Amino acid sequence: MTDFPRWLYVNYVKPRLGGLYPPDSELPIPPMESLQDADLELLCERAVEFYAGRAFLLGLRTGAGLYASQGSLGSTQPSI
């Protein structure tokens, strides 16, 4: 399971982030490609990869927790 967040980032998150803004649009933050230091750029890329994977796993745990808590209430039918 430790390789899954990395795979998810490389194959899903990173391509989505790359196409998020059109090339001529004004970006809210400067792109990482504009960093002058190659070591800093690598550290930023690793940080984004790490936190993207952790956010995905947190979403899975939250969803599993919500599903489990619905089962403990008795009824799975939504109330109106």
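As a reminder, the structure under discussion sits directly above these lines.
Please read all numbers here as calculations on a predicted model, not as lab measurements. (Residues numbered from 1 in each chain as written. Predicted model: local features only at pLDDT ≥ 70, side-chain atom pairs only at ≥ 80, totals over all residues. Heavy atoms only, no water.)

A. Spotlight on the layout of surface pockets. Size it by volume and the second largest pocket reaches roughly 190 Å³. Of all the secondary structure elements, the ones that give two or more residues to the lining of the second largest pocket are helix 1 (4-18) and helix 2 (38-72). Within the lining of the second largest pocket, the residues separate by chemical class into two nonpolar, two polar and five charged. (1 Å grid on protein atoms, 1.4 Å probe; cavity = no way out; pocket = protein on both sides within 12 Å on 5 of 7 lines; lining within 4 Å. Points joined across faces, edges and corners; volume = space filled by probe spheres on them. Helix = DSSP H or I, 4+ residues; strand = E, 2+ residues; numbered from the N terminus. Nonpolar A, V, L, I, M, F, W, Y, C, P; charged D, E, K, R; others polar.)

B. Layout of helix 1. Taking 1.5 Å as the rise per residue, helix 1 with 15 residues should run 21 Å; its terminal C-alpha atoms sit 20 Å apart, in good agreement. Along helix 1, the sharpest kink reaches roughly 40°, centred on Val10. Looking at helix 1, one finds that the buried residues are Pro5, Leu8, Tyr9 and Val13. (Expected span 1.5 Å × (residues − 1). Bend = angle between axes of the 7 residues up to and from the residue. Buried < 20%, exposed > 50% of the residue type's maximum accessible area, 1.4 Å probe, protein only.)

C. Fine view of the packing of aromatic side chains. Under the definition given, this model contains three aromatic pairs. A network of ring pairs unites the aromatic residues Phe4, Trp7 and Phe56 as a single cluster. (Phe/Tyr/Trp six-rings, centres within 6.5 Å; stacked < 30°, edge-to-face > 60°.)

D. Spatial organisation of the pattern of salt bridges. With the rule as written, the count across this model stands at two salt bridges. For the salt bridge of Arg6 with Glu49, the shortest nitrogen-to-oxygen distance reads 2.8 Å. Residue Arg6 is found in helix 1, and its partner Glu49 is found in helix 2; the two are separated by 43 residues along the sequence. Lys14 is the salt-bridge partner of Glu45, the closest N and O atoms lying 3.5 Å from each other. Remark: Lys14 occurs in helix 1 and Glu45 occurs in helix 2; sequence separation between them is 31 residues. (Salt bridge = Lys/Arg side-chain N within 4 Å of Asp/Glu carboxyl O.)

E. Main features of the side chain of Glu45. Among the polar contacts made by the side chain of Glu45, one reaches the side chain of Tyr9 at a distance of 2.6 Å. One polar contact links Glu45 to Lys14, side chain to side chain, over a distance of 3.5 Å. (Polar contact = N/O pair within 3.5 Å; in protein donor to acceptor, adjacent residues only side chain to side chain.)

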